[in-house]
Amino acid sequence: MKEKIDRLKERALAAIADTHIVKALNELKVSFLGKNGEITGLLKGMKDVPPEEKPAIGKLVNGLRAEIEEAIANRERLLKEKETAARLESEAIDVTLPGKAVARGGLHPVELVKNQLIEAFLPFGFDVYEGPEVELDYYNFKQLNIPDDHPARDMQDTFYITDSILLRTQTSAGQIRWMEKEKPPIRILSPGRVYRSDYDATHSPMFHQMEGLVVDKGITLCDLKGVLEEVCKKVFDPGVKTRLRPSYFPFTEPSVEIDVSCSECGGKGCSLCKGTGWIEILGAGMVNRVVLENCGIDPDVYTGFAFGVGLERIAMLKYGIPDIRYLFDNDIRFLKQF
Ligand code: PHE
């Protein structure tokens, strides 16, 4: 019996020292100390031991059990430490590595200008309406008092799709759509893309305009001037001056061009303002009686003003952009500056 105990001890300690994962150690634990394990087997064999040897053998078996338990506990601690160390190493994050920068997007300068204008007009109670880009001749020209063969058509080189369908040349088309649908009082802004067959440093075949239309009882040219003066102060700077200059559009009467004082020279005259001290920013006027009548609005009761502003033009003036094509080249180095 004593020999058996010694052999088991040797075998058990060697097996324990040979385990490398906690799971294998647990299996050993069961096979030595479990209900059907070898130590339990030894204890069961005690009944065959002669009574005088029982105390000594019993002591040996209990001692062996304690020894195996301790060896297993020690090995378990060691293996767990090793497993933790290995896991920490494999999951380690090198906090000294440089991070990956996420590139931040931004709004296009034309979009910025559009938002600034809308924001400046909102306190006056304007709604925003966007009409279609593929438009009928009827809305783009005819209802705006520009019949077929009218010389004013030459002012806007038009992309025709059919005889009666075209790419809108002006957001003014939206005025008619709105007036046909809504009764006064009317206050709308209508931003969007427009198209003309034109291409050079200050003209692009596609560009953006924003139309404004106000129709109500008692609207005068003073309202037009007052509203636009306020907006120019907000969009350019509070000290900017504005002036109205006579002009011509078939759909407004009288028609004006609005100039702002040159931001570059403050009105003294420079190359930006071509020596005049003023820079033209938009076309406007009192809605022509004919246009109101065309839309079923009585011009003896209601009057209105309208304006149309080129967004690229404002962006170029505001940010000092010398060529309109920069706005459409999608060069990230240019666009990042706004
Ligand atoms: N539609 C005109 C243009 O494109 C601008 C304008 C709008 C003028 C409204 C007067 C009133 O040139």
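The rules we used
- Residues numbered from 1 in each chain as written.
- Predicted model: local features only at pLDDT ≥ 70, side-chain atom pairs only at ≥ 80, totals over all residues.
- Heavy atoms only, no water.
- Core = buried A, V, L, I, M, F, W, Y, C linked by side-chain atoms within 4.5 Å.
- Buried < 20%, exposed > 50% of the residue type's maximum accessible area, 1.4 Å probe, protein only.
- Helix = DSSP H or I, 4+ residues; strand = E, 2+ residues; numbered from the N terminus.
- Domains from an automatic or database assignment.
- Salt bridge = Lys/Arg side-chain N within 4 Å of Asp/Glu carboxyl O.
- Near = heavy atom within 4 Å.
- Polar contact = N/O pair within 3.5 Å; in protein donor to acceptor, adjacent residues only side chain to side chain.
- Areas by Shrake-Rupley, 256 points an atom, 1.4 Å probe, with all protein chains shown as cover.
- Nonpolar A, V, L, I, M, F, W, Y, C, P; charged D, E, K, R; others polar.
- Axes fitted to C-alpha atoms, helices over the stretch in contact; angles between N-to-C directions.
- Parallel < 35°, antiparallel > 145°, perpendicular 65-115°, else oblique.
- Left-handed = near helix turned anticlockwise from the far one by under 90°.
- Contact = heavy atoms within 4.5 Å.
- Patch = residues over 30% accessible without salt bridge, like charges linked within 9 Å, V, L, I, M, F, W, Y side chains within 5 Å.
- Lys, Arg positive; Asp, Glu negative; His and termini not counted.
- Charge placed at Lys NZ, Arg CZ, Asp CG, Glu CD.
- Pairing = 2+ DSSP bridges.

Formed by 41 residues in total, the largest nonpolar core has its most connected members in Leu 117, Phe 121, Ile 281, Leu 282, Phe 305 and Phe 307. Mapped by element, the contributors of at least two residues to this core are α5 (109–121), β5 (206–216), α8 (221–235), β7 (252–261), β8 (278–287), β9 (303–310) and α10 (311–319). Ranked by size, the runner-up nonpolar core spans 24 residues in total, among them Tyr 129, Ala 173, Phe 249 and Leu 292.

Before going further, it helps to examine the domain arrangement of the chain. Examined at the domain level, the chain breaks down into domain 1 (2–90) and domain 2 (109–335). One C-alpha centre belongs to domain 1, the other to domain 2; they are set 93 Å apart.

The next thing to look at is the pattern of salt bridges. Per the stated rule, a full pass over the model turns up 20 salt bridges. Taking the shortest distance from any N to any O, the salt bridge between Glu 67 and Lys 9 comes out at 3.3 Å. Here Lys 9 lies in helix α1 (residues 2–17) and Glu 67 lies in helix α4 (residues 54–90), a separation of 58 residues in the sequence. On the basis of relative accessible area, Glu 67 is assigned to the partly exposed category, the value being 31%. Its salt-bridge partner being Glu 229, residue Lys 225 comes within 2.8 Å of it at the nearest N-O pair. Of this pair, Lys 225 and Glu 229 both sit in helix α8, four residues apart, roughly one helical turn. The exposure class of Glu 229 is partly exposed, given its relative accessible area of 24%.

Here we come to the site of the ligand. Taken together, 15 residues sit near the ligand, with Gln 170, Ser 172, Arg 196, Gln 209 and Gly 308 positioned nearest. Separating an oxygen atom of the ligand from a side-chain N or O atom of Arg 196 is a distance of 2.9 Å. Here Gln 209 contributes a side-chain N or O atom positioned 2.8 Å from an oxygen atom of the ligand. Surface burial for the ligand is 92%, taken as the share of its 330 Å² of free accessible area covered by protein chains. Those elements that provide at least two residues to the shell around the ligand are α7 (172–181), β5, β8 and β9. Top contributing element to the shell around the ligand by residue count: β9, with three residues. The residue makeup of the shell around the ligand, split by class, is five nonpolar, eight polar and two charged.

Take the packing of α5 against α8 next. At a closest axis distance of 9 Å, the pairing of α5 and α8 adopts a crossing angle of 135 degrees. Considering their axes alone, α5 and α8 lie oblique with respect to each other. Between α5 and α8 the crossing geometry is right-handed. Mapping the contact onto sequence places Gln 116, Leu 117, Ala 120 and Phe 121 in α5 and Val 227, Leu 228, Val 231, Lys 234 and Val 235 in α8. Across the contact of α5 with α8, the residue classes break down as seven nonpolar, one polar and one charged.

All right, on to a negative patch on the surface then. On the surface, Asp 154, Asp 157, Asp 198 and Asp 200 cluster together to form a negatively charged patch. Relative to the helices and strands, Asp 154 resides in the loop between α6 (137–140) and β3 (165–167).

Bringing the pairing of β5 into the picture now. Two faces, one strand: in a regular strand the side chains alternate between the faces of the sheet. Of all eleven residues in β5, nine are buried; the element is thus mostly enclosed. Relative to β5, strand β4 (residues 186–195) runs antiparallel, the two sharing ten bridges. Across the sheet, residue Ile 188 finds its bridge partner in β5, namely Leu 213. Here eight bridges tie β5 to β9, and the two strands are oriented antiparallel to one another. Within the sheet, the bridge partner assigned to Glu 211 lies in β9 and is Gly 308.

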